[in-house]
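# A look at the structure
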Amino acid sequence: MENIKPEKITYVSDDLTRLLRDAGYLELCACIQCGTCTGSCPSGRRTASRTRSLMKKVQLGLKEEILSDKELWFCSTCYTCLERCPRGVPVTDVIISLRNLAVKEGYMQEPHIALCKMFYNTGHGVPINEEKWKKLREYHKLNELPPTTHQYPEAEKEIQTLLKSTEFDKLTGVGDYEKKKGEEES
Amino acid sequence: MASNDSKFALFLGCVIPNRYPFIERATRAVFEKFKIELVDMKGASCCPAPGVFRGFDIETWLVVGARNITIAEELGLDIALMCNGCYGSLLEVNHTLKEDKEKRRKVNEHLAKIGREFKGTIEIRHVVDIMYHDIGPEKIRNRTKYGRKTPLNLNLAVHYGCHLTKPAKLRPWDMECENPTFFDELVEISGCKSLNYKDKFMCCGAGGGVRGAFKELSLDYTREKLENMTAAKADVIITGCPFCHLQFDLGQVEVNNIFKDKISAPFNIPVLYFTQLIGLAIGMTPEEMGLIKSPELKGVPPFTPMKPVLTKIGDSA
């Protein structure tokens, strides 16, 4: 892949070119649209989502069309397409980077925002948020709280410091940004 | 590698400690039998989940993953974990930061704010990998000789889960991800038969944030897998990941509900995490392996009844 210079990808939009260059995904330029990815995709079996088309759209630089489409979130990241691609395109990784870009542009699924809130508030994507989960742990002869952020409030603070430091709170509208939004609306 | 091969730092993640604690219970008990010490990682957080948080912001995923790794680095121990999602995240964060000095520098700038530093001194291991490569089939087999009086004799539908084998590059399975057999070999030590079934290596549907945002789509994967497992006459589904486990256990009830017009009959296949099966095979009780549901607690797993398997192995408690 060393022979392909980013400058040669003239047909890709500026933003997407930058994304691909930063992420080191020049391999995508080698995509020959064979369709192995689509043929391997368990999500495409039951939806209209077509990985091959998505890769083509990236090459064509159809940024808004890609990022605003909820189909970008239909991939369960099973990595079968990445393993099978005969041109070595890290397809799944490209999709993950596209999702990062979609989030930056404000395209996020509601349930995913809820997950970010739990992550920020507790350090867990799936926290102990009901008494029954403590009781279930005790029933299985474990401490009612695991030795994670749940048992250590200072660890929970560490997570919040990091999420502020990377501006994840601003990006996903959690923590102080959730409060600000609430104040604006009220 | 951080040297001590009979001692690991235990990374719990989220779904196991907070929803499926019997996986933690069974794994701790089985590892104790093989004299492997599991040390708690105090204050660990979500890995962070590769399907969602990595998809939202790769930098945050690297930073929070690195923080978790520093907890094990302080203990001087390699990490043992029980979840394919945690495996995918921590294995790749660890590798990326060991290899890429620029990314490591940036991550350490963030970590400095909480007085931590990623050093790159440990390895990330899945418990399937530790049982297969460190303890080894021979030692487990020897132990089963002193185990049960009656053989288990179940037909198993093993579900590997995607991130146990893929991407293959960093994983300890000799680049095999299209047709691996290590997990089947491991669980067959129990005396059970691991079945071949259609699309055995297909995803359960839970990952990538799909279960969270598009539940019906995610459950349609599960429906297809359950149909193929049923066609092969599976008695039990075996998992090595709590999120796949949840998808087959709670998801089975959901599939029976939302696809009732699409399926010929409701599914009823109990789901076991592989350490629960190994534990039974070496003579531990269904109770010790967390197979007996609490009579008092409502709305907790296992959601798919365990009774068929308990009856079949003659331990109906």
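Here the residue numbering is sequential within each chain, running from 1 through the sequence in written order. As they are written, the chains are lettered A onward and the ligands numbered 1 onward, keeping that order. In keeping with the predicted nature of the model, local features appear solely for residues at pLDDT of at least 70, side-chain atom pairs appear and are counted solely at 80 or more, and the whole-chain, interface and lining totals rest on all residues. The basis for every side-chain value is the complete set of non-hydrogen atoms in the structure, without hydrogens or water.

For the rest of this paragraph, the subject is the layout of surface pockets. In the cavity and pocket records, a cavity denotes points on a 1 Å grid over the protein atoms alone where a 1.4 Å probe fits but cannot get out, a pocket denotes an open set with protein on both sides within 12 Å along at least 5 of 7 lines, and lining residues are residues with an atom within 4 Å of a point. Grid points are joined across faces, edges and corners, and a volume is the space filled by probe spheres set on the points. Quantified by volume, the second largest pocket comes out at close to 890 Å³. Around the second largest pocket sit 48 residues that line it, and A:Val126, B:Val15, B:Ala49, B:Ala206 and B:Phe243 are the ones nearest its centre. Numbering goes from the N terminus for both helices and strands, where a helix is a DSSP run of H or I of at least four residues and a strand is a run of E of at least two. Among the secondary structure elements, those contributing two or more residues to the lining of the second largest pocket are helix H7 (110-122) of chain A together with helix H1 (15-18), helix H5 (84-99), helix H9 (162-165), helix H11 (210-213) and helix H13 (242-258) of chain B. At five residues, the largest contribution of residues to the lining of the second largest pocket is made by H13(B). Here the lining of the second largest pocket is composed, by residue class, of 30 nonpolar, 15 polar and three charged. For this classification, the nonpolar set comprises Ala, Val, Leu, Ile, Met, Phe, Trp, Tyr, Cys and Pro, the charged set comprises Asp, Glu, Lys and Arg, and every other residue, Gly included, is treated as polar.

Note the cis peptide between B:Cys47 and B:Pro48, where omega equals 0°. Of note, the amide linkage connecting B:Pro301 to B:Pro302 takes the cis form, showing an omega dihedral of 0°. Among the secondary structure elements, B:Pro302 is positioned in the loop between helix H14 (274-281) and helix H15 (307-312). Within the chain, A:Thr77 stands out as a residue other than glycine whose phi angle is a positive 50°. In this structure, A:Thr77 sits in the loop between helix H4 (63-68) and helix H5 (80-84). Judged by relative accessible area, A:Thr77 falls into the buried class, the value being 3%. Here the phi dihedral of A:Tyr79 falls at roughly 70°; this positive angle occurs in a residue that is not glycine. Within the element layout of this structure, A:Tyr79 appears in the loop between H4 and H5. Classification of residues uses two cut-offs on accessible area relative to the type maximum, computed with a 1.4 Å probe and protein chains only: under 20% is buried, over 50% is exposed, and between them is partly exposed.

Further remarks concern the packing of helix H7 (residues 127-135) of chain B against H14(B). Residue and element names in this part refer to chain B. The axes used here are C-alpha line fits, helices contributing only the stretch in contact, and every angle between their N-to-C directions lies in the interval 0 to 180 degrees. Relative orientation of the contacting elements H7 and H14 amounts to 40°, with a least axis distance of 11 Å. Comparing their axes, H14 and H7 come out oblique. Here H7 contributes Val127, Val128 and Met131 to the contact with H14, which in turn contributes Phe274, Thr275 and Ile278. Classifying every residue of the contact of H7 with H14 by side-chain character gives five nonpolar, one polar and no charged. Oblique is the label for every angle not falling under 35 degrees (roughly parallel), over 145 degrees (roughly antiparallel), or within 65 to 115 degrees (roughly perpendicular). Any two residues whose heavy atoms approach within 4.5 Å at even a single point are treated as in contact.

This paragraph deals with the pairing of strand E1 (residues 7-11) of chain B. Along a regular strand, successive side chains alternate from one face of the sheet to the other. Residues and elements named next belong to chain B. By the criterion of burial, E1 is predominantly enclosed, with four of the five residues buried. Any two strands with at least two DSSP-identified bridges between them are counted as paired. Looking at chain direction, E1 and strand E2 (residues 37-40) are connected through four bridges and run parallel. For Phe8, the partnering residue across the bridge sits in E2 and is Leu38. The pairing of E1 with strand E3 (residues 79-81) spans three bridges and is parallel. Note that in E3 the partner of Leu10 across the bridge is Ala80.

Moving on to H7(A). Counted at 1.5 Å a residue, the expected span for H7(A) with its 13 residues is 18 Å, and the 19 Å between its end C-alpha atoms agrees. Elements that come into contact with the buried residues of H7(A) comprise helix H9 (153-165) and helix H10 (168-172) of chain A together with helix H3 (53-56), helix H4 (58-75) and H11 of chain B. A:Gly123 sits one or two residues past H7(A) and shows a positive phi near 85°. In this scheme, a helix's expected span is set at 1.5 Å multiplied by one less than its residue total.

One widely used convention gives an interface's size as the accessible area the parts lose upon coming together. Residues and elements named next belong to chain B. In this entry, domain limits derive from an automatic or database-based domain assignment. Annotation of chain B at the domain level lists domain 1 (7-127) and domain 2 (137-312). In this structure, domain 1 and domain 2 have C-alpha centres spaced 24 Å apart. If you look at the interface, domain 1 gives 27 residues, while domain 2 gives 37 residues. For this document, the term salt bridge refers to a Lys or Arg side-chain nitrogen within 4 Å of an Asp or Glu carboxyl oxygen. Seen at the junction of domain 1 and domain 2, the total is one salt bridge. Put simply, Glu92 and Arg171 hold a salt bridge, and the shortest N to O gap is 3.6 Å. Pairs of N or O atoms within 3.5 Å make up the polar contacts considered here, provided that, within protein, one atom can donate a hydrogen while the other can accept it, and that residues adjacent in sequence are counted only when both atoms are side-chain atoms. Seen at the junction of domain 1 and domain 2, the total is seven residue pairs in polar contact (both at pLDDT 80 or more). When contributions to the side of domain 1 that touches domain 2 are tallied by element, the ones reaching two or more residues are H1, helix H2 (21-33) and H5. Residue contributions to the side of domain 1 that touches domain 2 peak at eight residues, all from H2. Residue classes in the side of domain 1 that touches domain 2 are distributed as 16 nonpolar, seven polar and four charged.

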